[in-house]
Amino acid sequence: MRVALGLSASFLLTFVTAPALAADPSVSAGDVTVRYDSAGRSLTVLHREAGAILDRIAVKAIGGDAEYQKAFQEAYGRPVNYEDIGRAIGAFERTLVFIDSPFRRFLEGDTKAISAEAHAGWDLFNGKARCVTCHQMNLSNPLGTDNRFHNVGVSARHQDFESLAVRALKAFKEDPSEKKLDELALSTPMSELGRFMVTKNRSDIGAFRTLMLLNVGISPPYMHDGSLPTLWDVMDHYNKGGEANPFLDGGMEPLALSEREIDQMVAFLFSLTDVRFAAENERQFAAQKAAAAKSRAFRDENMAFRRKLAFEDRSEGAKGSGK
Amino acid sequence: MSSRHKSVETRYLEERQRVFGSLKNLDRRSFLKVSAAALAAAAANGLVPPASFMPVSVAHGAPEATDAPAFRFAYISDSHLYAKDLNDRFARALMRAVDDVNNLAPQPDFVFYGGDLAQLGQSHELDLGAQILKNLKAPLKIMVGEHDWYLDMGAKWRSLFGEPTYSWDHKGVHFVVLMSVVEKDFWTARGLTPMQRMQTVAGLDNGVQSSFMVGPEQRAWLEKDLAKLPNNAPLIVFSHSPLYKLYKNWNFWTDDADEVQAILKRFDRVVVIHGHTHQLLTNRIGNIHFHGLLSTAWPWPYAPQGMPELTIQMSRPDPFNPNDGCGDGEVHVHADGLVDKIYNLWNRNPITVAKGYTESGGKKCVPPKPNRPGY
Amino acid sequence: MSPSAKVLAVAVTCAIVAGLVFGCAEEGTRPSAAQTPEAIVADHMAQWKARNPDRANPWVEEEKQRHKIQPSADNADVLKGEQAAGQTYGNYTQRDVLVWARETEKLVVEGSRIFHNAGRLGGTVGVSCDMCHPDAANTHPETYPKFQPQMGRVALLRDMINWCIQHPVRGKALAPDSPEMRALEAYIVAQRKGEKLDYGKH
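J.: Help me get a handle on the overall build of chain A, residues and values and all.
T.: The helix and strand tally for chain A stands at 16 helices and two strands. A burial count over chain A gives 46% of its 323 residues as buried. Taking as baseline every contact in chain A between residues at least 6 positions apart, the subset at least 24 positions apart corresponds to 70%.

J.: Please give an account of the interface of chain B and chain C that cites residues and values.
T.: If you look at the interface, chain B gives 18 residues, while chain C gives 17 residues. When its residues are assigned to classes, the side of chain B that touches chain C shows 10 nonpolar, seven polar and one charged.

J.: A description of the pairing of strand β11 (residues 339-345) of chain B should follow, citing residues and the corresponding values.
T.: Residue and element names in this part refer to chain B. Across the seven residues that make up β11, a large majority, seven, are buried. Where burial is concerned, the two faces of β11 agree: the one with V339, K341, Y343 and L345 and the one with D340, I342 and N344 are both buried. Strand direction decides the pairing type here: strand β10 (residues 327-333) and β11, joined by seven bridges, are antiparallel. Note that in β11 the partner of H332 across the bridge is D340. Counted along the chain from β10 to the antiparallel partner β11, the turn is five residues long, and its residue G337 has a positive phi close to 100°.

J.: Tell me about the confidence of the model for chain C, and please be specific about residues and values.
T.: For chain C, mean pLDDT is 89; residues scoring 70 or higher make up 86% of the total. With pTM at 0.81, the complex prediction returns an ipTM value of 0.81.

J.: Any details on the sheet that holds strand β9 (residues 288-292) of chain B? Residues and values, ideally.
T.: Residue and element names in this part refer to chain B. Spatial ordering of the open sheet is given by β4-β5-β6-β7-β9-β8, a layout of six strands whose pairing is mixed. Edge positions in the sheet fall to β4 (166-170) and β8 (282-285), since each of these pairs with one other strand and no more. Within this sheet the neighbouring strands show an average axis-to-axis angle of 20°, counted without direction. Relative to strand β5 (residues 173-177), β4 runs antiparallel, the two sharing five bridges. In the strand pairing of β5, D169 is matched with H174.

J.: Which residues make up unusual backbone geometry, and what values go with them?
T.: Each neighbour pair has its own omega, and for P220(A) with P221(A) the value is -5°, a cis peptide bond. For P221(A), the position within the fold is in the loop between β2 (208-209) and α12 (231-239). Looking along the chain, the bond that leaves Y144(C) and enters P145(C) is cis, with omega of 0°. Counting through the fold element by element, P145(C) comes out in the loop between α4 (94-115) and β1 (146-148). A positive phi angle, close to 60°, is found at R130(A), a residue other than glycine. By C-beta crowding, R130(A) is classed as buried, having 21 other C-beta atoms within 10 Å.

J.: Outline the nonpolar core, supporting the account with residue identities and numerical values.
T.: Ranked by size, the top nonpolar core spans 177 residues in total, and within it M265(A), V266(A), L269(A), L94(B), V111(B), F238(B) and Y187(C) carry the most contacts. Ranked by the residues each element gives to this core, the list is headed by helix α3 (residues 88-102) of chain B, at eight residues. V59(A), I62(A), F72(A) and I89(A) belong to the second-largest nonpolar core, a separate cluster that totals eight residues.

J.: Any details on the environment of D336(B)? Residues and values, ideally.
T.: Position of D336(B) among the secondary structure elements: in the loop between β10 and β11. Ignoring sequence-local partners within four residues, the contact set of D336(B) consists of P234(B) and R269(B).

J.: Help me get a handle on helix α14 (residues 278-294) of chain A, residues and values and all.
T.: The terminal C-alpha atoms of α14(A) lie 24 Å apart, and with 17 residues this matches the ideal 24 Å at 1.5 Å per residue to within 8%. Looking at the buried positions of α14(A), the neighbouring elements they touch are α12 and α13 (259-270) of chain A.

J.: Tell me about α13(A), residues and numbers included.
T.: Residues and elements named next belong to chain A. Taking 1.5 Å of rise per residue, the 12 residues of α13 would be expected to cover 16 Å, and the 17 Å separating its terminal C-alpha atoms lies within 8% of that figure. If you check which residues of α13 are buried, you get I262, Q264, M265, V266, A267, F268, L269 and F270. Elements that come into contact with the buried residues of α13 comprise α8 (116-126), α12 and α14.

J.: Explain the packing of helix α8 (residues 216-226) of chain B against helix α9 (residues 257-264) of chain B to me, using residue names and the numbers behind them.
T.: Residues and elements named next belong to chain B. Where α8 contacts α9, the two axes come as close as 10 Å, and the packing angle between them is 10°. Classified by the angle between their axes, α8 and α9 sit roughly parallel to one another. Along its contact with α8, which presents R219, L222 and E223, the element α9 presents E259, V260 and I263. Looking at the contact of α8 with α9 residue by residue, the classes come out as three nonpolar, no polar and three charged.

Cut-offs applied
- Residues numbered from 1 in each chain as written.
- Chains lettered and ligands numbered in written order.
- Predicted model: local features only at pLDDT ≥ 70, side-chain atom pairs only at ≥ 80, totals over all residues.
- Helix = DSSP H or I, 4+ residues; strand = E, 2+ residues; numbered from the N terminus.
- Buried ≥ 20, exposed ≤ 12 C-beta atoms within 10 Å, placed from the backbone.
- Contact = placed C-beta atoms within 7 Å.
- Nonpolar A, V, L, I, M, F, W, Y, C, P; charged D, E, K, R; others polar.
- Pairing = 2+ DSSP bridges.
- pLDDT = per-residue confidence, 0-100.
- Axes fitted to C-alpha atoms, helices over the stretch in contact; angles between N-to-C directions.
- Core = buried A, V, L, I, M, F, W, Y, C linked by C-beta atoms within 7 Å.
- Expected span 1.5 Å × (residues − 1).
- Parallel < 35°, antiparallel > 145°, perpendicular 65-115°, else oblique.

See below:
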């Protein structure tokens, strides 16, 4: 299975611990046929774009193996088919659950389970840094996501939203086939329009699902497109209030966090990793710390401390530039 | 491939294929007709966002389509600015609105500012507002609110923006801007300083201030200004206070509303667009169709009594998103002077209150209902 | 002692005490036999206020002029009933009813003053509660406690107050038993008099 589709073990791990949920909530986890890799591209849609070649290859390869034939007959009561392959992968992935983190033990009552730094970070998470607004984290919902779609300005850094959305609409009008839609979603920058490509709701432009925070320490790079290499970069992004664009979530505001507070936040985030990956977690912490010490490309203290305002440049720049 | 075992994704894609496939089979002209009708249907259902790009939810079966508007203008209102280093959020929100309007394609004919540019009428606040609004590409028409006026009784306002009461004509429509936040003197007897007077007026629920009114001088001016217009003339009146009596405690109120409405009574139809209420508000009194403006700064709750029947509330804003319930918008003006009022709520889908809605007394083109109304 | 005799005794005692404390043995009209006890008390109070304008601080009246305050419950019923006669416990007088009303009102009115004042809230951005909540509209104290996912826990009214103070008002959180927090809660709850409790409603 893994050979046929070219997946690797750590890739699978990323599936579960990074965006483990399908970007489209209309797809149930059992079907597992719309998955996003770390670059934000849908695997199944890749298959379809390639003219349904890969699914035929998969069914041929797996269906040709006597053991798999037997296993599929036992599990599903019918011959190997593409949908059931997806179900089988889904069933396997559901066994890969890693939620035993120091933080969870802390929540359960072991006050020594996380460091004082991380504890301060948890207070910030719920307070000044306002992360909990979207990364909801409580005993009923420990994943650290509200399962909603927010535009936090990540894709706005690379794309020009307005013209992309106009182009998307034009393309739909000219060729409304699903093939065209998938082509657009994958091969052009329009995938950066996020949830909008599914719902066509204006409020969803540039909106991506709130990513869950479990094991976030060991799953760089960050954000839906992997554009932020370390958690310090993530903190810088939020500290300055994201990136201004016409669809920015109003909850994105400059946070005025000091360096100390950022370190505390990062310490907290690293406490969310399952204890079975403690070694990897340590390694990542050291590696990211070193990288962050060299470069903090997304830091903007003027914005973070409200000396410069979001939309200031945009509103001033437009005059006379013509559109 | 076994079609008996369809995954959810397959079914979803098949459905989408069906929807788009039905469009594929039309020739170009029919396609345009269908999509225009669908667009109109979407508009009728309050689903159409502003004109720069229009993601269309393809509606199956189009209810009565509205005719294309004659022209459009944009609006921004109620920014309540403090100095940038005192309160960054209000300034940022106004800049965001300016950016929104500047990104409209095509550009609107003009941008209307609905009043309360400053929070306490201070010179530096009004200067900041004027400076931010200068970045608008389209021409600006501006109206005064009570927050702009009662520190110095309009001295700074006049120096920046001229007389608060004026009118002009544009593409066959007569536009009037009133200064409808006149208040009877409550400050002299109490010996209030100018700032105390301003802070009294700035409190929406402050009962010491007087009710808003237009006043006899302006009513006389209005009669004269409208005298030459025939009864079927398209007429749009801008006012900061609503020009009707909604809720006195919050000055969602114009004391001489009856007199003003009497002046407007002879016209076939009049549109009044007002600020001050910071919410989606719709009313119809006889021939007058009333529309409220959104604020960029914060949303007001709906009044506990006096709410017009026609108003379908915007959903109660989420306090955890400081921009929720706020925004800017557009007004699409039709040839007869009636309007489609578009509320461009930040982080929400826009809501359109189409002319068919107020025209039919709320029976057609009904905007979507809130899932969290005020209570 | 009959009730009216009691009131007279109280009134005269107050007047004498006031006279001793504030040394008003000098000028001032003396009570005439025709005046009711209440009138005497009011008269003396007015005289004292006139002589001490800087100490006569009518903040309650002033605040009530500015902002509508819902009155507290009418407790007149406790004055009725038959069991009370001759007892200490369970026996209430008009004075009790007055004191309850006045002291409750003072805390609620103080809450209104803080609610409408960005400075007293400790805010740093010029935002006061009434800017989103005129007359405490849309505060919905009757719906707490409720789980608020964006706060990560079940919120009580005071938790929501503190969230608002820290974020839109940008001040420091108040201690839950601080005088300001107690006053704010009092005012907010008072304004929703008559609404039925519906905890958990979002």
